[in-house]
Amino acid sequence: MHGEYKMPGGKLVVIDLEVRDGRLADVHLSGDFFLEPDSALHTINATLEGQPEQATETELTNAVRDAMPPDVMMYGLSPEAIAVAVRRALHREAEA
Amino acid sequence: MMRTDWRDHDWQLIHTIPQSPTLHMALDDVLTHEVGAGRRKPTLRIWEWAAPAVVIGRFQSLRNEVDADAASRHGIEVVRRVSGGGAMFIEPGNTITYSIYAPQSLVKGLSFQEAYAFLDAWVLEALAELGIKAWYQPLNDITSEGGKIAGAAQVHRGGAVLHHVTMAYDIDASKMLDVLRIGREKLSDKGTTSAAKRVDPLRSQTGLPREAVIARMIATFRRLHGLADDHVRADELVQAEALAQTKFSSPAWIADVA
């Protein structure tokens, strides 16, 4: 499943994922955003992996935010935007 | 760490013979590290391309961005850079690409948005001298009344900031749309039929040869910030060539975000 979201004033945030046994699996974040250090990409993917399929946007946002070390820098990307892209992938909503 | 200004540094210029796409990726990695470690003075590097390439951003999906068959058919190499941002379609002579390797102190206290505009203020001035009214379009574009001119990306590494920019000098829009998938999607969204409507290259805006635009940019940087002629050191080149052949050519890196 595939979801895209361009946050206002931000960059394109893309999520590809599967659902297995009611949980997110094979989650891959991509896009033309800026994220440092780049290892944070794998932290975000690992955090989303296994989240309940029914998790709300707020719950997903908090999960990503809580997993981020304090030195992470996001530009054109935010935990909220990632959560929106995940929900869109799950709902197969039309992209903005 | 105190905030520094351009003139607090002894800026060096590297502008050399055309080099391969993977070597360019590796030189950005090595020279950023050298400036951060204090072994190299802050540097402006103007790129010359030896071969066509698609350069995708650090976090872009290779599969989603690039039509691999089309790239192969056109003989275009696909490489991944160390910074975020979007895909660039490069043909030798069609783009002007440069990198600034600066100590972090130069952008200390600036927001990301301010840092992008600050590091490219000299380019806006050079463009104005060429008769082009251009401005910064957050987050990371240089644009003009005619359309987008350039895209920038930054990455921070151990005491240094790498700021690199690709400007469109000329563009083969049909080939670009053949190779870049995202271009097709964005265009279909906007209902336009030609990429040339979104990007207005410097050739049509200035009527000048590419070399003349580059000469103006170098002269403007030199006048505003000071600039001494330099070259890539032998040890830097050895490191970069090794990285180009290992990391930057490896499928593991290029498809790191599949």
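Predicted model only: the values in this text are computed from it and were never measured. (Residues numbered from 1 in each chain as written. Chains lettered and ligands numbered in written order. Predicted model: local features only at pLDDT ≥ 70, side-chain atom pairs only at ≥ 80, totals over all residues. Heavy atoms only, no water.)

Caption draft 1: Representation of the side chain of Thr220(B) in the model. Residue and element names in this part refer to chain B. Of note, threonine 220 is situated in helix H9 (residues 210–225). Residue classification places threonine 220 among the buried residues on the basis of a relative accessible area of 0%. Contacts of threonine 220, omitting those with residues within four sequence positions, involve Trp122, Glu125, Ala126 and Glu129. (Helix = DSSP H or I, 4+ residues; strand = E, 2+ residues; numbered from the N terminus. Buried < 20%, exposed > 50% of the residue type's maximum accessible area, 1.4 Å probe, protein only. Contact = heavy atoms within 4.5 Å.)

Caption draft 2: A look at the environment of Leu17(A). Residues and elements named next belong to chain A. Residue placement: leucine 17 occurs in strand E2 (residues 12–20). For leucine 17, a relative accessible area of 1% gives the class buried. Along the backbone, leucine 17 and proline 69 are 52 residues apart, and their C-alpha atoms lie at a distance of 24 Å. Leaving out residues up to four positions away in the same chain, leucine 17 has contacts with Met1, Leu24, Ala25, Asp26, Val27, Val86, Ala89 and Leu90.

Caption draft 3: Here's a closer look at the nonpolar core. One finds Tyr98(B), Ile142(B) and Met167(B) to be the most contacted residues of the largest nonpolar core, which totals 43 residues. Mapped by element, the contributors of at least two residues to this core are strand E2 (43–47), strand E6 (95–103), helix H4 (112–119), helix H5 (121–129), strand E7 (134–137), strand E9 (147–157), strand E10 (160–168) and H9 of chain B. Residue contacts for Met167(B): discarding those within four places in its chain leaves Asn94(B), Thr95(B), Ile96(B), Tyr98(B), Val123(B), Leu127(B), Ile149(B), Ala150(B), Leu202(B) and Met217(B). Counting residues in hydrophobic clusters, the runner-up holds 31 residues, among them Val13(A), Leu35(A), Ala40(A) and Phe59(B). (Core = buried A, V, L, I, M, F, W, Y, C linked by side-chain atoms within 4.5 Å.)

Caption draft 4: The arrangement of the packing of aromatic side chains in detail. All names here are of chain B. Inspection of every chain in the model, using the stated rule, returns 13 aromatic pairs over all chains. Aromatic side chains tryptophan 47 and tryptophan 49 sit 5.3 Å apart centroid to centroid with 45 degrees between the ring planes, which places their arrangement in the tilted category. By relative accessible area, which is 4% here, tryptophan 49 ends up buried. An angle of 85 degrees between the planes, with centres 4.9 Å apart, marks the rings of tryptophan 122 and phenylalanine 221 as edge-to-face. With tryptophan 122 in helix H5 and phenylalanine 221 in helix H9, the pair connects residues that are 99 residues apart, well separated along the chain. The burial state of tryptophan 122 is the same as that of phenylalanine 221; both residues are buried. Taken together, the ring pairs connect Trp6, Trp11, Tyr98, Phe118, Trp122 and Phe221 into an aromatic cluster. The residue whose ring lies beneath arginine 3 is phenylalanine 118, and the NZ or CZ to ring-centre distance is 5.0 Å. (Phe/Tyr/Trp six-rings, centres within 6.5 Å; stacked < 30°, edge-to-face > 60°. Lys NZ or Arg CZ within 6 Å of the ring centre and 35° of its normal.)

Caption draft 5: Representation of the packing of H5(B) against H9(B) in the model. Residue and element names in this part refer to chain B. Running from amino to carboxyl end, H5 crosses H9 at an angle of 125 degrees, the nearest separation of the two axes being 9 Å. By the angle class used here, H5 and H9 are oblique. Between H5 and H9 the crossing geometry is right-handed. In this structure, H5 contributes Trp122, Glu125, Ala126 and Glu129 to the contact, and H9 contributes Arg216, Met217, Thr220, Phe221, Arg223, Leu224 and His225. Of the residues in the contact of H5 with H9, the class split is five nonpolar, two polar and four charged. (Axes fitted to C-alpha atoms, helices over the stretch in contact; angles between N-to-C directions. Parallel < 35°, antiparallel > 145°, perpendicular 65-115°, else oblique. Left-handed = near helix turned anticlockwise from the far one by under 90°. Nonpolar A, V, L, I, M, F, W, Y, C, P; charged D, E, K, R; others polar.)

Caption draft 6: A look at the side chain of Asp28(B). All names here are of chain B. With respect to the element layout, aspartate 28 can be found in helix H1 (residues 21–36). A residue is classified by how much of its surface remains accessible, and aspartate 28, at 2% relative accessible area, is buried. Reaching out from aspartate 28, the side chain makes a polar contact with the side chain of arginine 45 at a distance of 3.2 Å. Within the structure, the side chain of aspartate 28 is placed 2.5 Å from the side chain of tyrosine 101, a separation counted as a polar contact. Discounting chain neighbours no more than four positions away, the residues touching aspartate 28 are Arg45, Trp47, Ser99, Tyr101, Leu162 and His164. (Polar contact = N/O pair within 3.5 Å; in protein donor to acceptor, adjacent residues only side chain to side chain.)

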